[in-house]
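Descriptive analysis of the structure
Listed here are the chains, written in short residue letters.
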Amino acid sequence: MKRKYPNLWVALIVLLLVQAVIQMRVHPLWVRNYAPKQVTPVGLAPEQLLVAIAGFREFLATILWVRADGFFHSGNYDAILPMLRLVTWLDPHNLEVYATGAWHMGYNFTDEAQRSDRRYIPMALKFLEEGIQNNPTVWDLYSEMGWMYYHKIQDPVNAVPWMQIANEHPNMIPARRHMLAHALFKSGRFDEAVDHWAKLFLDAEKDRGKDWESNNLYDVRQNNLEELILDLMRRYGPEPETQPPVDLGFDATVKVVRPRVLLVEGRLGIPTIGCRVTVILRDKGRTLEYSPKALKTFTFEVDSKLTYMQDSLAVREEKFRREIDMSKDPKMYPFKAEEYEVEFIFEPRYASPNVQARIGSDGVGMYDARYMEVVREKPSPIEVPKYARVSDALRRELENPTREVSYRRVRKVVTLTRAEILMLGKRGE
Amino acid sequence: MNATLAIAGATFGEAVRKRILLVILLVALLIILISPMLEPFAGRGATTMILSFGFGVIQLAGTFIAIIMCTSMIPVEIERRTIYTILSKPVQRYQFVLGKFFGAVGTMAFMYLMMGIVFLIATRLALGEFRPDIIHGLIMFFFQSSLLAAAVLFFSTFVSPLVNYFLSGGLYLVGNLLSSFLETLQRNPETTPIAQMVIQILTAVMPNFSLFNVQNPIINPEQVLVDPLAYTVQTIAYAIVYMALLLVGSMLIFNQREM
């Protein structure tokens, strides 16, 4: 007769339960520290999938990333996007891929005239957001997100929160900390910009004399702090140089000269060079939401029906004029909507220093009888990742922003129909 | 205890003389040694490539060694009838199973030690710095392979070696993906509660090999980990408990087996 071994059966059940309990305890830490984040092997060839499962995930990621770099240098930009997806799936902690990939999406898809396809920007922001979720304790991608807002979108108000998070990380590269001060200044938070430069200057003073790099950092920070205070005194102190306000006499017109080709021209009465007027053409009632939340889930597909063109026009002798040709890029400018808005904007926050010296960086020294408006802005709330290294005070401020800033700008909107742009019924399409 | 140790010693001696295991070890050592030569193909990602390739080779070699060594351990003894000689001595069946397992673990430790030393030397030469965190990855891989060895030994008590190859290979693949599937399903708001429950039960019951894949933060060292020590201790405890579970299962089946 066979023996039953009741003790062994009891031990078996106990061990089964104990291992399940330990595993449930370990799983959240595994997810936080080591998980590959996503398991969908979409796009991997069977042999690549096998290589990945066999323990060569990061190796395969590096190979694919080198391949993507090859595509970049041969100008095959579309091929890079799926590679980015695969590489970040295989190695979600590869910061360079997230940073370079977002830059690629934000900057490199352009039309014949080198105008960015801005429909890719929400995608770039979503990609960076995913990178941040996967790497919440590292400063790099917060800084990249801030840079995308600061430089590409030219939205310093929303750049500040991301740069503030990056800035709280102790190991951030010192020179990159300067960006927060620049963003604070551009968004009109002058007091905080001065405070930040002062803090950076005091930090640099501690290391002064250590080596060439420390001395250089000290000099740069001292110079920036002094320049900022002087600029503020000149623009907003007693007897400010920004007064009396300049009458811009702003106006702009748009004319369809050929199918999909617009001639835009106008006047901006600032008697110095260095001004640029932004012109945007888009489907009527549609704006691009520059936020990671604009996309529910990450996708490489842009809205192929949306037409969105943005250009920057240089002002010379108080006039601007440009022929904008959208006929060579039908994928980027599909013109599917019935009506379009052409928006002309001049705002001083990104104007050159000599222009800002006259009108201020918030437009306090400019005036326009017809098109002037005051914009009030608060940063969009940010859901700070659970493991991000930020102070409680900053976390509260980021989740419920209170600081509102305002600036002046001039803006004119002209409406065109699809028939007008395509010259339907005339000699056009 | 003496009987268990004697069987473990004999198993170790036999295993390290097995040509196929030595060939796997030698090939792995050679590949690890030449891995720094991959540097020109990696551009700026040379560190990532060298480390990930080395870890990949070691993990793969460890997996092959565990499966090939343990698949035939008990069936060969039965086939050659040497088991009757052993069991006719004052040796219990559970001592035989334990001895075989400890012999396999000892062999694995020896193999990992060899591969680890070569990997550390290769990375020191290629990267110009000694990376002690590599040892942490190797220890976790050792426990992963030991757990796999216990699973293979468990299967070898009731299936033929050929079936065991596929069974343990499949278990290793599924065990490496289970956590990721669970995580993906949990993050997907469209997952039904039933699907979540099924995958949760599966994850709780099956050996989870992915817990030992800790190489990513070693390859990307700028990551800040939460409680890495607690994680390591708990994961090793998990491995030990699961190995004990599989050994008890092996003993139960082996004790019932007619010979």
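What comes next concerns the included structure. Numbers given for residues are sequential positions, taken from 1 along each chain in its written order. All chains are assigned letters beginning at A, and all ligands numbers beginning at 1, according to the order in which they are written. In keeping with the model being predicted, local features are shown solely for residues with a pLDDT of at least 70 and side-chain atom pairs are shown and tallied solely at 80 or more, while totals for entire chains, interfaces and linings include all residues. Based on all heavy atoms of the structure, the side-chain values leave hydrogens and waters out of the count.

**Concerning the sheet that holds strand 10 (residues 405-417) of chain A**
All names here are of chain A. Should DSSP find at least two bridges between two strands, the strands are taken to pair. Strands here mean DSSP runs of E at least two residues long; helices mean DSSP runs of H or I at least four residues long; both are numbered from the N terminus. Strand order in the open sheet formed by 5 strands is 5-4-7-10-9, and the pairing between neighbours is antiparallel. Of all strands in the sheet, those with a lone pairing partner are strand 5 (308-314) and strand 9 (372-377), marking the two edges. Within this sheet the neighbouring strands show an average axis-to-axis angle of 30°, counted without direction. For strand 9 and strand 10, the ladder comprises 6 bridges, and the chain directions are antiparallel. In this analysis an axis means a line fitted to C-alpha atoms, helices contributing only their contacting stretch, and an angle means the value between N-to-C directions, from 0 to 180 degrees.

**Concerning unusual backbone geometry**
Note: most peptide bonds trans; most residues except glycine with negative phi. With an omega of -5°, the peptide bond running from Gln243 of chain A to Pro244 of chain A counts as cis. Mapped onto the elements of the fold, Pro244 of chain A is located in the loop between helix 10 (212-236) and strand 1 (246-247). Its identity is not glycine, yet Glu318 of chain A carries a phi of approximately 65°, on the positive side. Here Glu318 of chain A is to be found in the loop between strand 5 and strand 6 (319-325). A positive phi angle, near 50°, is found at Asp227 of chain B, a position not held by glycine.

**What about the environment of Thr235 of chain B?**
Looking at the secondary structure, you find Thr235 of chain B in helix 12 (residues 228-256). In this structure the C-alpha to C-alpha distance between Thr235 of chain B and Ile50 of chain B, which are 185 residues apart in sequence, comes to 26 Å. Residues contacting Thr235 of chain B, with those up to four places away along its chain left out, are Val26 of chain A together with Met140, Leu211 and Phe212 of chain B. In this analysis, two residues are considered to be in contact whenever any of their non-hydrogen atoms come within 4.5 Å of each other.

**Some thoughts on the interface of chain A and chain B**
Opposite the 49 residues of chain A that make contact, chain B presents 62 residues. In total, about 5000 Å² of surface goes out of reach between chain A and chain B, with carbon and sulfur atoms giving 66% of it. Salt bridges are identified by distance alone: a Lys or Arg side-chain nitrogen within 4 Å of an Asp or Glu carboxyl oxygen. Connecting chain A to chain B are 0 salt bridges. For this analysis, a polar contact is any N or O atom pair within 3.5 Å, provided that within protein one partner can donate a hydrogen and the other can accept it, and provided that sequence-adjacent residues contribute only side-chain to side-chain pairs. Here chain A is connected to chain B by 9 residue pairs in polar contact (both at pLDDT 80 or more). Here the element with the most residues in the side of chain A that touches chain B is helix 1 (residues 6-33) of chain A; it accounts for 18 residues. Charged means Asp, Glu, Lys or Arg here, nonpolar means Ala, Val, Leu, Ile, Met, Phe, Trp, Tyr, Cys or Pro, and polar covers whatever is left, Gly included. When the residues that make up the side of chain A that touches chain B are grouped by side-chain class, the tally is 26 nonpolar, 13 polar and 10 charged. Buried surface area refers to the total accessible area, computed with a probe of radius 1.4 Å, that the two partners give up upon joining, counted for both partners together.

**Remarks on the packing of helix 7 (residues 93-127) of chain B against helix 12 of chain B**
All names here are of chain B. Two elements in contact, helix 7 and helix 12, have axes separated by 9 Å at closest approach and are oriented at 140°. Classified by the angle between their axes, helix 7 and helix 12 sit oblique to one another. As for the relative orientation of helix 7 and helix 12, their crossing is right-handed in sense. Here Arg93, Tyr94, Phe96, Val97, Leu98 and Phe101 of helix 7 come into contact with helix 12, specifically with Met243, Leu247, Ser250, Met251, Phe254 and Asn255. Residue classes in the contact of helix 7 with helix 12 are distributed as 9 nonpolar, 2 polar and 1 charged. The scheme is simple: roughly parallel for angles under 35 degrees, roughly antiparallel for over 145, roughly perpendicular for 65 to 115, oblique for anything else. Should the near helix be turned anticlockwise from the far one by less than a right angle, the crossing is termed left-handed; should it be turned clockwise, right-handed.

**Observations concerning the packing of aromatic side chains**
Paired rings are identified among Phe, Tyr and Trp, the last through its six-membered ring, by centres lying within 6.5 Å, and are further divided according to the angle between planes into stacked (under 30 degrees), edge-to-face (over 60) and tilted (the rest). All chains considered together, the criterion is met by 34 aromatic pairs over all chains. Aromatic side chains Tyr238 of chain B and Tyr242 of chain B sit 5.8 Å apart centroid to centroid with 65° between the ring planes, which places their arrangement in the edge-to-face category. Placement of both Tyr238 of chain B and Tyr242 of chain B in helix 12 is noted, with a separation of 4 residues, approximately one turn of the helix. With a 1.4 Å probe rolled over the protein chains alone, any residue whose accessible area is under 20% of its type maximum counts as buried; one over 50% counts as exposed, and the rest are partly exposed. Judged by its relative accessible area of 0%, Tyr238 of chain B is buried. In textbook terms, an aromatic cluster arises when at least three aromatic residues are bridged by ring pairs, as seen for Phe72, Tyr77, Trp103, Phe109 and Tyr120 of chain A. The ring of Tyr107 of chain A has Lys152 of chain A sitting right over it, with the charged end atom 4.7 Å from the ring centre. In this analysis the charged atom, NZ for Lys or CZ for Arg, is taken to sit over a ring once it is within 6 Å of the ring centre and within 35 degrees of the ring normal. Cation over ring: Arg93 of chain B sits above Phe254 of chain B, and NZ or CZ is 5.7 Å from the ring centre.

**Comments concerning the side chain of Asp155 of chain A**
Residues and elements named next belong to chain A. Within the secondary structure, Asp155 is located in the loop between helix 6 (140-152) and helix 7 (156-167). Although Asp155 is buried, it forms no salt bridge, and the closest oppositely charged side chain is Arg349 at an N-O distance of 5.1 Å. Leaving out residues up to four positions away in the same chain, Asp155 has contacts with Tyr149, Tyr150, Tyr350 and Glu377. As used throughout, the charge tally considers Lys and Arg to be positive and Asp and Glu to be negative, leaving His and the chain termini uncounted.

**Description of the sheet that holds strand 2 (residues 251-258) of chain A**
Within a sheet, each strand pairs with its neighbour through backbone hydrogen bonds, oriented either parallel or antiparallel. All names here are of chain A. The 3 strands are arranged 2-3-6 in an open sheet whose pairing can be described as antiparallel. Of all the strands in the sheet, the pair left with one neighbour each is strand 2 and strand 6. Across the sheet, the mean angle separating the axes of adjacent strands is 15° when strand polarity is ignored. Note that strand 2 and strand 3 (residues 261-267) share 7 bridges and pair antiparallel. Across the sheet, residue Val256 finds its bridge partner in strand 3, namely Leu262.

**Section: the nonpolar core**
Nonpolar core, defined: a set of buried Ala, Val, Leu, Ile, Met, Phe, Trp, Tyr and Cys residues in which side-chain atoms within 4.5 Å join the residues together. Counting residues in hydrophobic clusters, the biggest one holds 96 residues, and the most contacted among them are Met69, Met115 and Tyr231 of chain B. Looking at this core element by element, the count peaks at 15 residues for helix 8 (residues 133-156) of chain B. Apart from the residues lying within four places of it in its own chain, the contact partners of Met115 of chain B are Leu25, Ala28, Leu29, Ile32, Ile58, Ala61 and Gly62 of chain B. In terms of nonpolar packing, the next biggest core, distinct from the first, is built from 77 residues, Met83, Tyr98, Met145 and Met172 of chain A among them.

**Details of the pattern of salt bridges**
Opposite charge on two side chains permits them to pair, given that their charged atoms come into close proximity. Residue and element names in this part refer to chain A. A full pass over the atoms with the stated rule returns 34 salt bridges over all chains. For the salt bridge of Arg85 with Glu130, the shortest nitrogen-to-oxygen distance reads 2.6 Å. Of this pair, Arg85 sits in helix 3 (residues 80-90) while Glu130 is found in helix 5 (residues 121-134), placing the two residues 45 residues apart along the sequence. Taken as a pair, Arg85 and Glu130 share a single burial class, namely buried. Residues Asp191 and Arg403 are paired through a salt bridge, measuring 3.2 Å at the closest nitrogen-oxygen approach.

**Some thoughts on the packing of helix 3 of chain A against helix 4 (residues 95-107) of chain A**
Residues and elements named next belong to chain A. Close contact between helix 3 and helix 4 brings their axes to 11 Å; oriented N to C, the two are set at 160°. Taken together, the axes of helix 3 and helix 4 lie roughly antiparallel to each other. Of the two elements, helix 3 crosses helix 4, and the hand of that crossing is left-handed. Residues Ile80, Leu81, Leu84, Val87 and Thr88 of helix 3 touch helix 4, and the partners they reach there are Val97, Tyr98, Gly101, His104 and Met105. Grouping the constituent residues of the contact of helix 3 with helix 4 by class yields 7 nonpolar, 3 polar and no charged.

**Thoughts on a nonpolar patch on the surface**
Only residues above 30% relative accessible area that lack a salt bridge enter a patch, with like-charged residues linked at up to 9 Å and the nonpolar side chains Val, Leu, Ile, Met, Phe, Trp and Tyr linked at up to 5 Å. Per-residue and other accessible areas follow the Shrake-Rupley method at a 1.4 Å probe size, with only the shown protein chains counted as cover for residues. Residues Leu16 of chain A together with Met197, Ile201 and Val205 of chain B make up a contiguous nonpolar surface patch of roughly 350 Å² in combined accessible area. On the secondary structure map, Leu16 of chain A appears in helix 1.

**Details of empty space enclosed by the protein**
Residues and elements named next belong to chain A. Residues are said to line a cavity or pocket when one of their atoms sits within 4 Å of a point; the points come from a 1 Å grid over protein atoms alone, cavities being sets where a 1.4 Å probe fits but cannot get out and pockets being open sets with protein on both sides within 12 Å along at least five of seven lines. Grid points are joined across faces, edges and corners, and a volume is the space filled by probe spheres set on the points. Summed over all chains, the structure comprises 3 cavities of 30 Å³ or more. Its boundaries defined by the atoms lining it, the second largest cavity holds a volume of some 60 Å³. Lining the second largest cavity, in full, are Pro161, Gln164, Arg189, Pro379, Ser380, Ile382, Glu397, Leu398, Pro401 and Arg403. Its residues assigned to classes, the lining of the second largest cavity comprises 5 nonpolar, 2 polar and 3 charged.

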